[in-house]
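# Topology and contacts: notes
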Amino acid sequence: MNLAELLPAAWQAELAGFLDEKATAALGEFVASEYAAHTIYPPIEDLFTAYRLCLPEQTRVLILGQDPYHGPGQAHGLSFSVREGVRIPPSLRNVFKELAEDVGVVPPAAGDLTGWAKQGVLLLNAVLTVRAGAAASHAGKGWEAFTDATIRALNARDERVVFLLWGGYARKKAALITNPAHVVLEAGHPSPLNREGFRGARPFSATNKALADGGRPVVDWDPRAAG
């Protein structure tokens, strides 16, 4: 499986200078073998949904998750998002509560964040695949270098990108963001197991302020917006 060839052409060009060819080839072999032998989420056709919906020149916000949901029908290639008709996971419920308190968006009945992605919000997981029922089962297999390359490529762009890093794992990626054109907004993880650090962080209004200050269009944070 040639992972780079599955990406949109714009992302192939953007990542070319940041990916190690041998490491990416080895990751492709691993991913192909996992899909062949196990139930893997998201479905292969959704593997690069985040990249397909949000091209480099359109990306103005990055929200970083850790790895995909590992339950049936949940993961569809966008961090924190689930398809319409799938029960909204607890972390996303907390995101929606903060969204309501921060910018007044009535919590949606569905957890599909495609409307954000179409507006230039790259909903990226650090690890892009997972075995069914086995959280973090593909951690440390090479995806981290691939998605770090994505962060480095966005860091190299001159137009402002706002990086939303929620939780200890995501916050470590702040070290990759060195370009003063960009803005990093850190907060605790929205998981209900984390009792402080996310609720009240007001990331959505802060993101729009940073975008406006950088001369970029703000985001309509209602996920029902088509973009």
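Residues numbered from 1 in each chain as written. Predicted model: local features only at pLDDT ≥ 70, side-chain atom pairs only at ≥ 80, totals over all residues. Heavy atoms only, no water.

### What to know about the sheet that holds strand β3 (residues 121-125)
Spatial ordering of the open sheet is given by β3-β2-β5-β6, a layout of 4 strands whose pairing is parallel. The two strands at the open ends of the sheet, each matched to only one other strand, are β3 and β6 (183-187). Between one strand and the next, the sheet's axes are offset by a mean angle of 20°, whatever the strand orientation. Two elements, strand β2 (residues 61-65) and β3, share 5 bridges in a ladder whose sense is parallel. Residue Val61 lies in a different strand from β3, and its bridge partner there is Val121. Contacts from helix α7 (residues 143-155) reach β2, β3 and β5 (162-166), with the element oriented near 150° to β3. Its contacts with the sheet place helix α9 (residues 203-213) against β2, β5 and β6, and it is angled at close to 160° to β5. (Pairing = 2+ DSSP bridges. Helix = DSSP H or I, 4+ residues; strand = E, 2+ residues; numbered from the N terminus. Axes fitted to C-alpha atoms, helices over the stretch in contact; angles between N-to-C directions. Contact = heavy atoms within 4.5 Å.)

### Side note on the packing of helix α5 (residues 90-103) against α9
Contact geometry of α5 with α9 gives a least axis separation of 7 Å together with a crossing angle of 60°. As summarised for this structure, α5 and α9 are arranged oblique, according to the angle between their axes. Contacts between α5 and α9 involve Val95, Glu98, Leu99, Asp102 and Val103 on the former and, on the latter, Pro203, Phe204 and Ser205. (Parallel < 35°, antiparallel > 145°, perpendicular 65-115°, else oblique.)

### Details of the UniProt feature "domain: Uracil-DNA glycosylase-like" (unreviewed entry) in the chain
UniProt tags residues 52-211 as "domain: Uracil-DNA glycosylase-like" (unreviewed entry). Annotated as residues 52-211, this span is 29% helix and 14% strand, and its ends, taken at the C-alpha atoms, are 22 Å apart. (UniProt positions renumbered as here; feature names shortened; annotations may be inferred.)

### Thoughts on the nonpolar core
Ranked by internal contacts, the top residues of the largest apolar core, which has 65 residues, are Ile63, Trp116, Trp143, Phe146 and Trp221. When residues in this core are grouped by element, the largest group, 6 residues, is from α7. Setting aside residues no more than four positions away along its own chain, Trp143 makes contact with Leu3, Leu27, Val31, Leu47, Phe48, Ala126, Val127, Leu128, Thr129 and His138. (Core = buried A, V, L, I, M, F, W, Y, C linked by side-chain atoms within 4.5 Å. Buried < 20%, exposed > 50% of the residue type's maximum accessible area, 1.4 Å probe, protein only.)

### Considerations on the pattern of salt bridges
Evaluation of the coordinates by the stated rule reveals 12 salt bridges. For Glu14, the salt bridge goes to Arg157, with nearest N and O atoms at 2.8 Å. With Glu14 in helix α2 (residues 9-15) and Arg157 in the loop between α7 and β5, this residue pair connects regions lying 143 residues apart in the sequence. A salt bridge links Asp46 to Arg83, with the shortest nitrogen-to-oxygen separation between them at 2.5 Å. (Salt bridge = Lys/Arg side-chain N within 4 Å of Asp/Glu carboxyl O.)

### Brief notes about the UniProt feature "active site" (unreviewed entry) in the chain
With numbering aligned to this structure, UniProt lists the feature "active site" (unreviewed entry) at Asp67. Here Asp67 lies in the loop between β2 and α5. The class for Asp67 is partly exposed, based on a relative accessible area of 21%. Every residue in contact with Asp67, bar those within four places of it in the chain, is listed here: Asn125, Val127, Val130, Ala135, Ala136 and Ser137.

### What about the environment of Glu14?
Separated by 142 residues in sequence, Glu14 and Ala156 have C-alpha atoms that sit 9.6 Å apart. Other than its neighbours up to four places away in sequence, Glu14 contacts Pro56, Ala153 and Arg157.

### Concerning the side chain of Asn155
One can find Asn155 in helix α7. For Asn155, a relative accessible area of 10% gives the class buried. In this view, Asn155 contacts Phe163, Leu176, Ile177, Thr178, Asn179 and His182; residues no more than four positions away in its chain are not counted.

### Some details on α9
Those residues of α9 not exposed but buried are Pro203, Phe204, Thr207, Asn208, Ala210 and Leu211. For α9, the angular spread of buried residues about the axis comes to 160°, placing them on one side. Among the exposed residues of α9, those oriented more than 90 degrees off its buried face are Lys209 and Asp213. Following α9 by one or two positions, Gly215 adopts a phi angle in the positive range, close to 75°. (Arc of directions from axis to C-beta.)

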